[in-house]
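# Structural description and commentary
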Protein chains: 2
Amino acid sequence: MPDDIDRIIQKSYEACASAGVKLTDKRKNVLMVLLGSSTPLSAYEIVERYKTQFSETLPVMSIYRMLDFLIQEKLVHKLETASQYMSCAHIACEHQHETPQFLICDRCGSVKEIAIKKHIMTELERSIQSTGFTLAHQQLELHGVCKHCQDDSVSAN
Amino acid sequence: MPDDIDRIIQKSYEACASAGVKLTDKRKNVLMVLLGSSTPLSAYEIVERYKTQFSETLPVMSIYRMLDFLIQEKLVHKLETASQYMSCAHIACEHQHETPQFLICDRCGSVKEIAIKKHIMTELERSIQSTGFTLAHQQLELHGVCKHCQDDSVSAN
DNA sequence: TATTATTGCGTTATGTTATATCATATCTTA
DNA sequence: TAAGATATGATATAACATAACGCAATAATA
Ligand SMILES: [Zn+2]
Ligand SMILES: [Zn+2]
Ligand SMILES: [Zn+2]
Ligand SMILES: [Zn+2]
(Lines give C-alpha, C1' and ligand atoms only; values in the text may rest on other atoms or scores of the structure.)
(Ligands and ions follow the chains in the order given, each with its own letter.)
Protein backbone atom coordinates (compact mmCIF):
# COMPACT_ATOMS: atom_id res chain seq x y z
CA MET A 1 0.00 0.00 0.00
CA PRO A 2 1.32 3.41 -0.90
CA ASP A 3 2.21 5.24 2.32
CA ASP A 4 0.98 8.53 0.93
CA ILE A 5 -2.53 7.18 0.50
CA ASP A 6 -4.18 10.24 2.03
CA ARG A 7 -2.43 12.43 -0.44
CA ILE A 8 -3.50 10.19 -3.32
CA ILE A 9 -7.11 10.35 -2.23
CA GLN A 10 -6.86 14.09 -1.88
CA LYS A 11 -5.46 14.37 -5.38
CA SER A 12 -8.23 12.13 -6.67
CA TYR A 13 -10.85 14.43 -5.22
CA GLU A 14 -9.20 17.38 -6.86
CA ALA A 15 -8.97 15.64 -10.21
CA CYS A 16 -12.64 14.73 -10.12
CA ALA A 17 -13.64 18.20 -9.00
CA SER A 18 -11.81 19.84 -11.85
CA ALA A 19 -13.38 17.35 -14.26
CA GLY A 20 -16.80 18.28 -12.92
CA VAL A 21 -17.61 14.79 -11.66
CA LYS A 22 -18.02 13.38 -8.20
CA LEU A 23 -15.86 10.96 -6.29
CA THR A 24 -18.59 9.48 -4.11
CA ASP A 25 -17.82 7.57 -0.93
CA LYS A 26 -18.27 4.22 -2.61
CA ARG A 27 -16.13 5.16 -5.58
CA LYS A 28 -13.48 6.35 -3.18
CA ASN A 29 -13.74 3.11 -1.23
CA VAL A 30 -13.26 1.05 -4.38
CA LEU A 31 -10.19 3.12 -5.14
CA MET A 32 -8.98 2.51 -1.57
CA VAL A 33 -9.38 -1.22 -2.02
CA LEU A 34 -7.19 -1.07 -5.11
CA LEU A 35 -4.66 1.19 -3.44
CA GLY A 36 -4.47 -1.30 -0.61
CA SER A 37 -3.67 -4.25 -2.84
CA SER A 38 -0.19 -5.26 -3.92
CA THR A 39 -1.62 -6.93 -7.00
CA PRO A 40 -4.39 -5.99 -9.41
CA LEU A 41 -7.82 -7.37 -8.58
CA SER A 42 -10.75 -8.68 -10.53
CA ALA A 43 -14.14 -7.04 -10.05
CA TYR A 44 -15.26 -10.01 -8.00
CA GLU A 45 -12.20 -9.84 -5.80
CA ILE A 46 -12.97 -6.19 -5.19
CA VAL A 47 -16.42 -7.20 -3.97
CA GLU A 48 -14.76 -9.51 -1.41
CA ARG A 49 -12.24 -6.99 -0.19
CA TYR A 50 -14.83 -4.24 -0.05
CA LYS A 51 -16.90 -6.47 2.19
CA THR A 52 -13.93 -7.12 4.48
CA GLN A 53 -12.71 -3.55 4.60
CA PHE A 54 -16.01 -1.70 4.74
CA SER A 55 -18.47 -4.27 6.07
CA GLU A 56 -20.78 -3.79 3.14
CA THR A 57 -21.61 -6.12 0.29
CA LEU A 58 -21.91 -4.35 -3.02
CA PRO A 59 -23.34 -6.03 -6.09
CA VAL A 60 -20.70 -6.73 -8.70
CA MET A 61 -22.70 -4.66 -11.16
CA SER A 62 -22.07 -1.60 -9.00
CA ILE A 63 -18.38 -2.40 -8.80
CA TYR A 64 -18.19 -2.54 -12.57
CA ARG A 65 -19.88 0.82 -12.80
CA MET A 66 -17.55 2.39 -10.28
CA LEU A 67 -14.57 0.90 -12.08
CA ASP A 68 -15.85 2.41 -15.32
CA PHE A 69 -15.99 5.76 -13.62
CA LEU A 70 -12.53 5.47 -12.10
CA ILE A 71 -11.07 4.33 -15.41
CA GLN A 72 -12.74 7.25 -17.16
CA GLU A 73 -11.07 9.60 -14.71
CA LYS A 74 -7.76 7.78 -15.17
CA LEU A 75 -7.53 6.88 -11.51
CA VAL A 76 -7.64 3.18 -12.33
CA HIS A 77 -6.35 1.09 -15.20
CA LYS A 78 -7.78 -2.11 -16.58
CA LEU A 79 -5.30 -4.80 -17.47
CA GLU A 80 -6.91 -6.26 -20.54
CA THR A 81 -4.66 -9.28 -20.64
CA ALA A 82 -5.57 -10.23 -17.09
CA SER A 83 -9.13 -8.90 -16.72
CA GLN A 84 -8.00 -7.12 -13.61
CA TYR A 85 -8.01 -3.62 -12.29
CA MET A 86 -5.36 -1.57 -10.51
CA SER A 87 -4.99 1.96 -9.28
CA CYS A 88 -2.85 4.24 -11.38
CA ALA A 89 0.64 4.56 -9.98
CA HIS A 90 0.78 8.22 -10.87
CA ILE A 91 -2.31 9.77 -9.33
CA ALA A 92 -0.29 11.98 -7.01
CA CYS A 93 2.43 12.81 -9.52
CA GLU A 94 2.55 16.24 -10.95
CA HIS A 95 3.65 15.22 -14.43
CA GLN A 96 1.30 14.40 -17.27
CA HIS A 97 0.15 10.78 -17.48
CA GLU A 98 2.03 9.29 -20.40
CA THR A 99 1.61 6.03 -22.26
CA PRO A 100 1.65 3.45 -19.51
CA GLN A 101 3.51 0.21 -19.78
CA PHE A 102 2.56 -2.59 -17.41
CA LEU A 103 5.03 -5.25 -16.45
CA ILE A 104 2.97 -8.17 -15.25
CA CYS A 105 4.68 -10.92 -13.27
CA ASP A 106 3.14 -14.22 -14.29
CA ARG A 107 4.47 -15.88 -11.17
CA CYS A 108 3.30 -13.63 -8.33
CA GLY A 109 0.78 -11.47 -10.17
CA SER A 110 2.36 -8.20 -9.16
CA VAL A 111 2.31 -5.42 -11.69
CA LYS A 112 4.60 -2.49 -12.14
CA GLU A 113 3.37 0.54 -14.04
CA ILE A 114 6.13 2.44 -15.72
CA ALA A 115 6.05 5.10 -18.39
CA ILE A 116 7.26 3.90 -21.72
CA LYS A 117 10.28 5.80 -22.99
CA LYS A 118 9.06 8.45 -25.33
CA HIS A 119 11.44 7.72 -28.14
CA ILE A 120 10.54 4.04 -28.09
CA MET A 121 6.86 4.89 -28.33
CA THR A 122 7.61 7.28 -31.15
CA GLU A 123 9.47 4.63 -33.04
CA LEU A 124 6.73 2.13 -32.44
CA GLU A 125 4.15 4.56 -33.74
CA ARG A 126 6.21 5.38 -36.76
CA SER A 127 6.71 1.76 -37.67
CA ILE A 128 2.98 1.26 -37.32
CA GLN A 129 2.02 4.31 -39.31
CA SER A 130 3.55 2.81 -42.42
CA THR A 131 0.72 0.29 -42.32
CA GLY A 132 -1.88 3.06 -42.25
CA PHE A 133 -2.96 2.11 -38.76
CA THR A 134 -3.62 4.81 -36.16
CA LEU A 135 -3.01 3.97 -32.53
CA ALA A 136 -5.70 4.58 -29.94
CA HIS A 137 -5.58 3.96 -26.20
CA GLN A 138 -1.93 3.27 -26.05
CA GLN A 139 -1.14 0.89 -23.29
CA LEU A 140 1.37 -1.90 -23.36
CA GLU A 141 0.99 -5.00 -21.24
CA LEU A 142 4.10 -7.09 -21.03
CA HIS A 143 4.25 -10.42 -19.27
CA GLY A 144 7.26 -11.95 -17.61
CA VAL A 145 8.86 -12.56 -14.23
CA CYS A 146 9.64 -9.83 -11.73
CA LYS A 147 12.94 -9.34 -9.98
CA HIS A 148 11.64 -10.66 -6.71
CA CYS A 149 10.39 -13.93 -8.19
CA GLN A 150 13.60 -14.45 -10.13
CA ASP A 151 15.61 -14.10 -6.92
CA ASP A 152 13.28 -16.52 -5.18
CA SER A 153 13.74 -19.22 -7.77
CA VAL A 154 17.50 -18.78 -7.63
CA SER A 155 17.61 -19.13 -3.87
CA ALA A 156 15.34 -22.18 -4.10
CA ASN A 157 18.02 -24.04 -6.10
CA MET B 1 -9.16 -15.73 -46.80
CA PRO B 2 -5.58 -16.30 -47.83
CA ASP B 3 -5.54 -17.50 -51.42
CA ASP B 4 -2.71 -19.91 -50.74
CA ILE B 5 -4.74 -21.78 -48.17
CA ASP B 6 -3.78 -25.20 -49.50
CA ARG B 7 -0.16 -24.31 -49.12
CA ILE B 8 -0.74 -23.09 -45.57
CA ILE B 9 -2.47 -26.32 -44.63
CA GLN B 10 0.32 -28.28 -46.23
CA LYS B 11 2.88 -26.32 -44.23
CA SER B 12 0.86 -26.90 -41.08
CA TYR B 13 0.94 -30.64 -41.63
CA GLU B 14 4.69 -30.49 -42.10
CA ALA B 15 5.20 -28.41 -38.98
CA CYS B 16 3.16 -30.81 -36.90
CA ALA B 17 4.91 -33.83 -38.36
CA SER B 18 8.32 -32.47 -37.53
CA ALA B 19 7.13 -31.65 -34.02
CA GLY B 20 5.93 -35.22 -33.64
CA VAL B 21 2.28 -34.29 -33.16
CA LYS B 22 -0.77 -34.82 -35.27
CA LEU B 23 -2.91 -32.35 -37.12
CA THR B 24 -6.15 -34.30 -36.99
CA ASP B 25 -9.03 -33.56 -39.35
CA LYS B 26 -10.89 -31.60 -36.71
CA ARG B 27 -7.87 -29.57 -35.73
CA LYS B 28 -7.29 -28.84 -39.38
CA ASN B 29 -10.92 -27.83 -39.78
CA VAL B 30 -10.67 -25.40 -36.87
CA LEU B 31 -7.61 -23.92 -38.49
CA MET B 32 -9.52 -23.67 -41.77
CA VAL B 33 -12.32 -21.79 -40.03
CA LEU B 34 -9.81 -19.26 -38.73
CA LEU B 35 -8.04 -19.01 -42.07
CA GLY B 36 -11.40 -18.31 -43.66
CA SER B 37 -12.24 -15.42 -41.36
CA SER B 38 -11.23 -11.83 -41.98
CA THR B 39 -11.38 -11.13 -38.25
CA PRO B 40 -10.35 -13.12 -35.20
CA LEU B 41 -13.05 -15.30 -33.67
CA SER B 42 -14.05 -16.30 -30.18
CA ALA B 43 -14.23 -20.01 -29.34
CA TYR B 44 -18.02 -19.81 -29.46
CA GLU B 45 -17.96 -18.15 -32.86
CA ILE B 46 -15.74 -20.95 -34.09
CA VAL B 47 -18.38 -23.45 -32.98
CA GLU B 48 -20.93 -21.61 -35.14
CA ARG B 49 -18.74 -21.38 -38.21
CA TYR B 50 -17.60 -24.96 -37.86
CA LYS B 51 -21.23 -26.03 -37.92
CA THR B 52 -21.89 -23.99 -41.04
CA GLN B 53 -18.78 -25.03 -42.89
CA PHE B 54 -18.54 -28.66 -41.88
CA SER B 55 -22.09 -29.59 -40.88
CA GLU B 56 -20.98 -30.81 -37.50
CA THR B 57 -21.59 -29.37 -34.07
CA LEU B 58 -18.58 -29.60 -31.81
CA PRO B 59 -18.78 -28.86 -28.10
CA VAL B 60 -17.00 -25.66 -27.18
CA MET B 61 -14.82 -27.68 -24.82
CA SER B 62 -13.37 -29.50 -27.82
CA ILE B 63 -12.80 -26.24 -29.64
CA TYR B 64 -10.82 -24.95 -26.68
CA ARG B 65 -8.70 -28.08 -26.70
CA MET B 66 -8.03 -27.80 -30.39
CA LEU B 67 -7.17 -24.15 -29.99
CA ASP B 68 -4.73 -25.07 -27.22
CA PHE B 69 -3.09 -27.50 -29.58
CA LEU B 70 -2.92 -25.03 -32.47
CA ILE B 71 -1.53 -22.32 -30.20
CA GLN B 72 1.06 -24.74 -28.87
CA GLU B 73 2.17 -25.43 -32.42
CA LYS B 74 2.17 -21.69 -33.18
CA LEU B 75 -0.38 -22.06 -35.93
CA VAL B 76 -2.85 -19.88 -34.05
CA HIS B 77 -2.50 -16.88 -31.76
CA LYS B 78 -4.74 -15.84 -28.93
CA LEU B 79 -5.48 -12.16 -28.65
CA GLU B 80 -5.57 -11.69 -24.91
CA THR B 81 -7.09 -8.23 -25.08
CA ALA B 82 -10.02 -9.50 -27.11
CA SER B 83 -10.41 -13.12 -26.00
CA GLN B 84 -10.27 -14.12 -29.63
CA TYR B 85 -8.25 -16.44 -31.77
CA MET B 86 -6.70 -15.99 -35.18
CA SER B 87 -4.48 -18.01 -37.47
CA CYS B 88 -0.87 -16.98 -37.61
CA ALA B 89 -0.14 -14.83 -40.63
CA HIS B 90 3.23 -16.48 -41.13
CA ILE B 91 2.51 -20.19 -41.26
CA ALA B 92 3.69 -20.50 -44.83
CA CYS B 93 6.61 -18.10 -44.50
CA GLU B 94 10.09 -19.46 -44.51
CA HIS B 95 11.47 -17.03 -41.95
CA GLN B 96 11.52 -17.63 -38.23
CA HIS B 97 8.46 -16.48 -36.32
CA GLU B 98 9.51 -13.34 -34.47
CA THR B 99 7.81 -11.34 -31.73
CA PRO B 100 4.39 -10.67 -33.16
CA GLN B 101 2.67 -7.34 -32.92
CA PHE B 102 -1.06 -7.24 -33.45
CA LEU B 103 -2.76 -4.12 -34.70
CA ILE B 104 -6.38 -4.45 -33.69
CA CYS B 105 -8.95 -2.19 -35.32
CA ASP B 106 -11.51 -1.24 -32.70
CA ARG B 107 -13.96 -0.21 -35.38
CA CYS B 108 -14.14 -3.21 -37.70
CA GLY B 109 -12.39 -5.83 -35.59
CA SER B 110 -9.83 -6.72 -38.21
CA VAL B 111 -6.36 -7.54 -37.01
CA LYS B 112 -3.06 -7.26 -38.76
CA GLU B 113 -0.16 -9.34 -37.53
CA ILE B 114 3.18 -7.75 -38.21
CA ALA B 115 6.61 -8.52 -36.87
CA ILE B 116 7.89 -5.93 -34.48
CA LYS B 117 11.09 -4.29 -35.63
CA LYS B 118 13.94 -6.02 -33.93
CA HIS B 119 15.72 -2.92 -32.72
CA ILE B 120 12.52 -1.58 -31.17
CA MET B 121 12.00 -4.82 -29.31
CA THR B 122 15.61 -4.74 -28.20
CA GLU B 123 15.24 -1.23 -26.87
CA LEU B 124 12.02 -2.12 -25.14
CA GLU B 125 13.67 -5.08 -23.48
CA ARG B 126 16.64 -3.03 -22.44
CA SER B 127 14.52 -0.34 -20.88
CA ILE B 128 12.61 -3.05 -19.04
CA GLN B 129 15.68 -4.90 -17.86
CA SER B 130 16.70 -1.93 -15.77
CA THR B 131 13.69 -2.71 -13.58
CA GLY B 132 14.87 -6.28 -13.08
CA PHE B 133 11.93 -7.65 -14.99
CA THR B 134 12.40 -10.45 -17.52
CA LEU B 135 10.05 -10.63 -20.47
CA ALA B 136 8.20 -13.83 -21.28
CA HIS B 137 5.77 -14.52 -24.11
CA GLN B 138 6.45 -11.40 -25.97
CA GLN B 139 3.42 -10.31 -27.89
CA LEU B 140 2.18 -6.79 -28.31
CA GLU B 141 -1.46 -5.99 -28.86
CA LEU B 142 -2.11 -2.46 -30.00
CA HIS B 143 -5.55 -1.02 -30.49
CA GLY B 144 -6.54 1.69 -32.92
CA VAL B 145 -8.24 2.26 -36.25
CA CYS B 146 -7.19 0.61 -39.48
CA LYS B 147 -6.56 2.38 -42.77
CA HIS B 148 -9.78 1.12 -44.27
CA CYS B 149 -11.97 2.41 -41.44
CA GLN B 150 -10.21 5.78 -41.43
CA ASP B 151 -10.92 6.17 -45.14
CA ASP B 152 -14.54 5.20 -44.56
CA SER B 153 -15.09 7.82 -41.91
CA VAL B 154 -13.52 10.46 -44.14
CA SER B 155 -15.76 9.65 -47.08
CA ALA B 156 -18.77 9.63 -44.75
CA ASN B 157 -18.18 13.33 -44.00
C1' DT C 1 -1.99 -60.35 -33.40
C1' DA C 2 -3.06 -59.51 -28.63
C1' DT C 3 -1.95 -56.43 -24.86
C1' DT C 4 -1.26 -52.20 -23.06
C1' DA C 5 -0.50 -47.27 -23.13
C1' DT C 6 -1.46 -42.92 -25.08
C1' DT C 7 -4.08 -39.61 -27.40
C1' DG C 8 -8.14 -37.36 -28.98
C1' DC C 9 -12.38 -36.05 -28.00
C1' DG C 10 -17.27 -36.20 -25.99
C1' DT C 11 -20.06 -35.05 -21.91
C1' DT C 12 -21.40 -32.72 -17.91
C1' DA C 13 -20.70 -29.59 -14.46
C1' DT C 14 -18.98 -25.50 -12.76
C1' DG C 15 -16.24 -21.29 -12.42
C1' DT C 16 -15.20 -16.59 -13.99
C1' DT C 17 -15.95 -12.24 -16.28
C1' DA C 18 -19.19 -8.90 -18.05
C1' DT C 19 -23.49 -6.64 -19.63
C1' DA C 20 -28.56 -5.58 -20.00
C1' DT C 21 -32.54 -3.89 -17.89
C1' DC C 22 -35.44 -1.99 -14.76
C1' DA C 23 -36.24 -0.25 -10.02
C1' DT C 24 -35.01 2.75 -6.23
C1' DA C 25 -32.44 6.19 -3.81
C1' DT C 26 -30.05 10.38 -3.58
C1' DC C 27 -28.60 14.64 -5.03
C1' DT C 28 -29.47 19.37 -7.69
C1' DT C 29 -31.64 23.20 -8.65
C1' DA C 30 -35.31 26.02 -9.71
C1' DT D 1 -40.84 20.88 -2.45
C1' DA D 2 -41.32 19.27 -7.20
C1' DA D 3 -38.78 17.92 -11.41
C1' DG D 4 -34.97 16.18 -13.41
C1' DA D 5 -30.47 14.14 -13.30
C1' DT D 6 -27.16 11.09 -11.33
C1' DA D 7 -25.83 7.07 -8.58
C1' DT D 8 -26.72 2.70 -6.98
C1' DG D 9 -29.38 -1.71 -6.15
C1' DA D 10 -31.46 -6.04 -7.80
C1' DT D 11 -32.10 -9.61 -10.95
C1' DA D 12 -31.21 -12.00 -14.97
C1' DT D 13 -28.49 -13.53 -18.52
C1' DA D 14 -24.66 -13.60 -21.77
C1' DA D 15 -19.95 -14.62 -22.88
C1' DC D 16 -15.65 -16.75 -21.88
C1' DA D 17 -13.10 -20.60 -19.79
C1' DT D 18 -11.68 -24.80 -17.07
C1' DA D 19 -12.23 -29.23 -14.29
C1' DA D 20 -13.13 -33.93 -14.15
C1' DC D 21 -14.46 -38.22 -15.93
C1' DG D 22 -14.74 -41.70 -19.38
C1' DC D 23 -14.77 -43.92 -23.77
C1' DA D 24 -13.02 -45.03 -28.28
C1' DA D 25 -9.48 -44.73 -31.68
C1' DT D 26 -4.75 -45.04 -32.43
C1' DA D 27 -0.04 -46.23 -31.47
C1' DA D 28 3.59 -48.84 -29.25
C1' DT D 29 5.47 -53.23 -28.16
C1' DA D 30 5.73 -57.76 -26.81
ZN1 LIG E 1 -1.37 5.25 -14.68
ZN1 LIG F 1 6.77 -11.84 -9.24
ZN1 LIG G 1 2.19 -15.45 -36.04
ZN1 LIG H 1 -11.08 -1.24 -39.34
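Residues numbered from 1 in each chain as written. Chains lettered and ligands numbered in written order. Predicted model: local features only at pLDDT ≥ 70, side-chain atom pairs only at ≥ 80, totals over all residues. Heavy atoms only, no water.

### Brief notes about the protein's contact with DNA strand D
Inspection of the region around DNA strand D gives 18 residues, with A:Thr24, A:Lys26, A:Ser62, A:Arg65 and B:Met61 positioned closest. B:Lys78 is positioned with one of its side-chain polar atoms (N or O) 2.9 Å from a phosphate oxygen of DNA strand D. Between DNA strand D and B:Tyr85 there is a distance of 3.3 Å, counted from a phosphate oxygen to a side-chain nitrogen or oxygen. Contributions of two or more residues to the surface near DNA strand D are made by helix H2 (25–35) and helix H4 (60–72) of chain A together with helix H4 (60–72) of chain B. It is H4(A) that provides the largest number of residues to the surface near DNA strand D, a total of four residues. Residues that form the surface near DNA strand D fall into these classes: eight nonpolar, four polar and six charged. (Near = heavy atom within 4 Å. Polar contact = N/O pair within 3.5 Å; in protein donor to acceptor, adjacent residues only side chain to side chain. Helix = DSSP H or I, 4+ residues; strand = E, 2+ residues; numbered from the N terminus. Nonpolar A, V, L, I, M, F, W, Y, C, P; charged D, E, K, R; others polar.)

### Concerning the interface of chain A and chain B
It is common to report an interface's size as the accessible area lost on association of the parts. At the interface, 34 residues of chain A touch 34 residues of chain B. For chain A, the biggest contributors to the area lost against chain B are A:Ile120, A:Phe133 and A:Leu142; these three give 20% of the whole. At the junction of chain A and chain B, the tally comes to 10 residue pairs in polar contact (both at pLDDT 80 or more). Of all elements in the fold, only strand S3 (100–105), strand S4 (111–115), helix H5 (118–129), strand S5 (134–135), strand S6 (140–145) and helix H6 (147–155) of chain A reach the threshold of two or more residues within the side of chain A that touches chain B. (Contact = heavy atoms within 4.5 Å. Buried area = accessible area lost by both parts, 1.4 Å probe.)

### A few points about the side chain of B:Glu123
Inspection of the secondary structure assignment puts B:Glu123 in helix H5 (residues 118–129). Despite being buried, B:Glu123 has no salt bridge partner; B:Arg126 is the closest side chain of opposite charge, sitting 4.4 Å away. Excluding anything up to four places from it in sequence, B:Glu123 contacts A:His119, A:Ile120 and A:Glu123. (Buried < 20%, exposed > 50% of the residue type's maximum accessible area, 1.4 Å probe, protein only. Lys, Arg positive; Asp, Glu negative; His and termini not counted. Salt bridge = Lys/Arg side-chain N within 4 Å of Asp/Glu carboxyl O.)

### Observations concerning the packing of helix H2 (residues 25–35) of chain B against H4(B)
All names here are of chain B. It is the contact of H2 with H4, at a shortest axis distance of 10 Å, that shows an interaxial angle of 85°. The orientation of H2 with respect to H4, classified from their angle, is roughly perpendicular. Residue-level inspection shows Lys26, Arg27, Val30, Leu31 and Leu34 of H2 in contact with H4, the latter providing Ile63, Met66, Leu67, Phe69 and Leu70. (Axes fitted to C-alpha atoms, helices over the stretch in contact; angles between N-to-C directions. Parallel < 35°, antiparallel > 145°, perpendicular 65-115°, else oblique.)

### Describing the domain arrangement of chain A
Residues and elements named next belong to chain A. Along its sequence, chain A is organised into domain 1 (1–93) and domain 2 (98–157). The straight-line distance from the C-alpha centre of domain 1 to that of domain 2 is 22 Å. Of the roughly 850 Å² buried at the junction of domain 1 and domain 2 (both faces included), carbon and sulfur atoms supply 57%. Among the residues domain 1 hides against domain 2, the three largest losses belong to His77, Leu79 and Thr81. Together they make up 43% of the total. Run the count over domain 1 and domain 2 and you get zero salt bridges. Our count for the contact surface shared by domain 1 and domain 2 stands at six residue pairs in polar contact (both at pLDDT 80 or more). Broken down by secondary-structure element, the contributors of at least two residues to the side of domain 1 that touches domain 2 are strand S1 (76–79) and strand S2 (84–87). Here the side of domain 1 that touches domain 2 takes three residues from S1, the largest share from any one element. (Domains from an automatic or database assignment.)

### Re the coordination of the zinc ion (ligand 2)
Residue and element names in this part refer to chain A. Only Cys105 (SG), Cys108 (SG), Cys146 (SG) and Cys149 (SG) from the protein reach the zinc ion (ligand 2) as donors, at distances of 2.3 Å. Bound by four donor atoms, the zinc ion (ligand 2) shows angles of 106 to 117° at the metal and therefore tetrahedral coordination geometry. The sequence pattern formed by the donor residues of the zinc ion (ligand 2) is C-x2-C-x37-C-x2-C. Here Cys108, found in the loop between S3 and S4, pairs with Cys146, found in the loop between S6 and H6; they are 38 residues apart in sequence, far enough to count as distant. Exposure remark for Cys108: the relative accessible area of 38% places this residue in the partly exposed category. With relative accessibility at 11%, the residue Cys146 sits in the buried group. (Donors = N, O, S within 2.8 Å, 3.2 Å for Na, K, Ca; no water. Tetrahedral: all angles 85-135°; square planar, octahedral: opposite > 155°, others 65-115°.)

### What to know about the coordination of the zinc ion (ligand 1)
Residues and elements named next belong to chain A. Every protein donor of the zinc ion (ligand 1) is accounted for by His77 (NE2), Cys88 (SG), His97 (NE2) and Glu113 (OE), and the metal-donor separations fall at 1.9 to 2.2 Å. Judged by relative accessible area, which is 8%, His77 ranks as buried. On the basis of relative accessible area, Cys88 is assigned to the buried category, the value being 5%.

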